[in-house]
Amino acid sequence: MNSETGNLPPDAGKLAAQWARLRARLRDEVGETEYRNWLRQMVLQTVEGEIVLITLPSRFLRDWVRDHYGDRLRILAQAEWPKIKRMDFRVSTAAQAVADGVPPDAQCEVEFSTEGEPSPHAALRSNAAPPPRQAEARDGDWMAPLDQRLTFDSFVVGKPNEFAHACARRVAERPAMAGFNPLFLYGGVGLGKTHLMHSIAWAIRANHPERPVAYMSAEKFMYRFIGALRGGNTMEFKAQLRSVDVLMIDDLQFLIGKDNTQEEFFHTFNALVDAGKQIVVSADKSPNDLSGIEDRLRTRLGGGIVADIHATTYELRLSILQAKAAQAGVEVPVKVQELLAHKIASNVRDLEGALNRLVAHTKLFGRPLTLENVPEVLTDLLRTHERRITIDDIQRKVAEHYSIRMTDMFSARRARAVARPRQVAMFLAKQLTSRSLPEIGRRFGNRDHTTVMHAVSRITELMVEDRVLAEDVTLLRKMLET
């Protein structure tokens, strides 16, 4: 090959060694798992002029590798071939051998032209024999492990989740019922979406054992789809998935931005609904709020029942704690339950975790479960869930309590009906926030820090002498903390 044809090495062995070094560096950078998932299928086609041509077995993988690894591949290629300025990525069946499982780092040979030089379109091909095709997936392979604890019997129903629970019950009793297909459950983390999904699957298994159920996360759906693309088994993938009677996909938001997987899910969705099969989906937002989901899919998802699981109330959290304690067979003092229900308000998962830690601590050290040892055992968890109280919160709550205007907190008025509540607000700001005295003073009409010091000192003294004021301050503090 003359110098004008590009940068191909003069012998095939050198080309193979350079390509192997490039892949090894890339594997070291991204890690073995990521390399196997996305980069193992690359096949080097040509190194010609300023261009390296790489092929992959599908458009999806070509686009993914180009968009996520193209720049890094170009830099690594320039270390081997300094004149390289561009990486080209194309789809080619020549890469299918790698996708079918041929080890990409097996001994490679370069295709030669009739003149005895490496062809300008030389391709690295593996001499290793391809392994036997994987056995056909069993029906159970589509079912992610179900937690035996997550059933309708163990689900605590309250105002925030009663509608979602009722819809889930109806679907479990009569899959593919008109008006309930699809069922879309949404809500924040740890509020019970996955619990209801597992409950539906268990109930259908028990009541309709003849109906195949496929339950999986959206992430697993994507990896299954990618595996089918790599192995050239997309038709088998479609046939297997569309043979089920109930398809359940958890955490659909994982598919945001993954256009090819969304498209496959959309077609699967249509095929199953048109065939009278049930779809159940969960996500962290409603279909209309899932940005990054195609409009046609969003419309189909909202075409059945959309059920929101709201944030838990204090009463529901207390009921959940009572139910969990009964299931664990442990005695949990009412005051401990009330404290946990007040302090851990964000999600049920953390609430259950807190209870489990307290029970484990009690059993391990043989200590009684009391209100006093809760902060010791749950220091980190309580700190995480500690509500951040702002000076604005304090001013608003104090003004509301004493029936004065919010502007009185910043005014120069010295009437006792205004000055005393202002001092109470300054006292609480010092006690409940980490703000400095000068900063607190600025938030109260640019007052000097000595004014804040006087207010704190005065309210501390009055709380000893004035029982009504002490009760007011205690009540305000509790209201702000909870």
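Refer to the preceding data block for the structure.
First things first, this report covers the structure right here in the doc. (Residues numbered from 1 in each chain as written. Predicted model: local features only at pLDDT ≥ 70, side-chain atom pairs only at ≥ 80, totals over all residues. Heavy atoms only, no water.)

A closer look at the pattern of salt bridges
Scanning all chains against the criterion turns up 24 salt bridges. Across the pair Glu 439 and Arg 435 runs a salt bridge, and its minimum N-O distance is 3.6 Å. The class for Arg 435 is partly exposed, based on a relative accessible area of 42%. For Glu 471, the salt bridge is made with Arg 467, and the minimal N-O distance between the two is 3.0 Å. In this pair, Glu 471 and Arg 467 both sit in helix H20 (residues 467-481), four residues apart, roughly one turn of the helix. Arg 467 sits in the exposed class, given a relative accessible area of 60%. Via salt bridges that share partners, Arg 21, Arg 25 and Glu 80 belong to a single interconnected network. (Salt bridge = Lys/Arg side-chain N within 4 Å of Asp/Glu carboxyl O. Buried < 20%, exposed > 50% of the residue type's maximum accessible area, 1.4 Å probe, protein only. Helix = DSSP H or I, 4+ residues; strand = E, 2+ residues; numbered from the N terminus.)

Some words on the pairing of strand S7 (residues 213-217)
Where burial is concerned, most of S7 is hidden: four out of the five residues are buried. Sheet analysis places S7 next to strand S8 (residues 246-250), joined by five bridges and oriented parallel. Bridge pairing links Tyr 215 to Met 248 in S8. (Pairing = 2+ DSSP bridges.)

So, unusual backbone geometry
The general pattern is negative phi for most residues beyond glycine and trans for most peptide bonds. Look at the link from Asn 181 to Pro 182: it is a cis peptide, with omega at 5°. On the secondary structure map, Pro 182 appears in the loop between helix H5 (162-173) and strand S6 (183-187). Positive phi values are uncommon outside glycine, yet Ala 176 reaches one of about 65°. For Ala 176, the location among the structural elements is in the loop between H5 and S6.

Points about the packing of aromatic side chains
For the structure on display, the rule yields five aromatic pairs. Seen in terms of ring centroids, Phe 184 and Tyr 186 are 6.5 Å apart; in terms of plane orientation they differ by 50°. Their pairing is tilted. Where Phe 265 meets Phe 269, the ring centres are 6.1 Å apart and the plane angle is 70°; that geometry is what we call edge-to-face. Of the two residues, Phe 265 and Phe 269 both sit in helix H9 (residues 259-274), four residues apart, roughly one turn of that helix. Looking at Phe 265, the relative accessible area reads 0%, which means it is buried. Three or more aromatic residues joined by ring pairs form one cluster here, namely Phe 221, Phe 225, Phe 237, Phe 265 and Phe 269. Here Lys 258 stacks its cationic end above the ring of Phe 254, 4.5 Å away from the centre of that ring. For the cation-ring pair, Arg 296 lies above Phe 266, with the distance from its terminal atom to the ring centre recorded as 4.2 Å. (Phe/Tyr/Trp six-rings, centres within 6.5 Å; stacked < 30°, edge-to-face > 60°. Lys NZ or Arg CZ within 6 Å of the ring centre and 35° of its normal.)

What to know about the layout of surface pockets
What the second largest pocket holds in volume is close to 550 Å³. Considering the residues around the second largest pocket, the lining is formed by 26 residues, among which Leu 150, His 195, Lys 324, Val 348 and Glu 352 are closest to the centre. Elements supplying a minimum of two residues to the lining of the second largest pocket: helix H6 (193-207), helix H11 (314-328) and helix H13 (348-365). Of the residues forming the lining of the second largest pocket, the biggest block, six residues, is contributed by H13. Looking at the lining of the second largest pocket residue by residue, the classes come out as nine nonpolar, eleven polar and six charged. (1 Å grid on protein atoms, 1.4 Å probe; cavity = no way out; pocket = protein on both sides within 12 Å on 5 of 7 lines; lining within 4 Å. Points joined across faces, edges and corners; volume = space filled by probe spheres on them. Nonpolar A, V, L, I, M, F, W, Y, C, P; charged D, E, K, R; others polar.)

Overview of the packing of helix H19 (residues 449-465) against H20
In the contact formed by H19 and H20, the axes pass within 6 Å of each other and the chain directions differ by 120°. One finds that H19 runs oblique with respect to H20. The chirality of how H19 crosses H20 is left-handed. Listed contacts from H20 to Ile 459, Leu 462, Met 463 and Glu 465 of H19 are Arg 467, Leu 469, Ala 470 and Val 473. (Axes fitted to C-alpha atoms, helices over the stretch in contact; angles between N-to-C directions. Parallel < 35°, antiparallel > 145°, perpendicular 65-115°, else oblique. Left-handed = near helix turned anticlockwise from the far one by under 90°. Contact = heavy atoms within 4.5 Å.)

What to know about the side chain of Arg 23
Following the sequence through the fold, Arg 23 ends up in helix H1 (residues 12-30). Among the polar contacts listed, one links the side chain of Arg 23 to the backbone oxygen of Arg 40, at a separation of 2.9 Å. (Polar contact = N/O pair within 3.5 Å; in protein donor to acceptor, adjacent residues only side chain to side chain.)

Describing the packing of helix H7 (residues 218-231) against helix H8 (residues 234-241)
Packing of H7 against H8 brings their axes to within 7 Å, and their N-to-C directions diverge by 140°. Taken as axis vectors, H7 and H8 run oblique relative to one another. Between H7, through Phe 221, Arg 224, Phe 225, Ala 228 and Leu 229, and H8, the contact on the second element is made entirely by Thr 234, Phe 237 and Leu 241. For the contact of H7 with H8, the per-class residue count stands at six nonpolar, one polar and one charged.

As for H6
Taking 1.5 Å of rise per residue, the 15 residues of H6 would be expected to cover 21 Å, and the 21 Å separating its terminal C-alpha atoms lies within 8% of that figure. The complete set of buried residues in H6 reads Lys 193, His 195, Leu 196, Met 197, His 198, Ser 199, Ile 200, Ala 201, Ala 203 and Ile 204. Buried residues along H6 sit against H5, S6, S7, S8, strand S9 (278-283) and strand S10 (305-309). (Expected span 1.5 Å × (residues − 1).)

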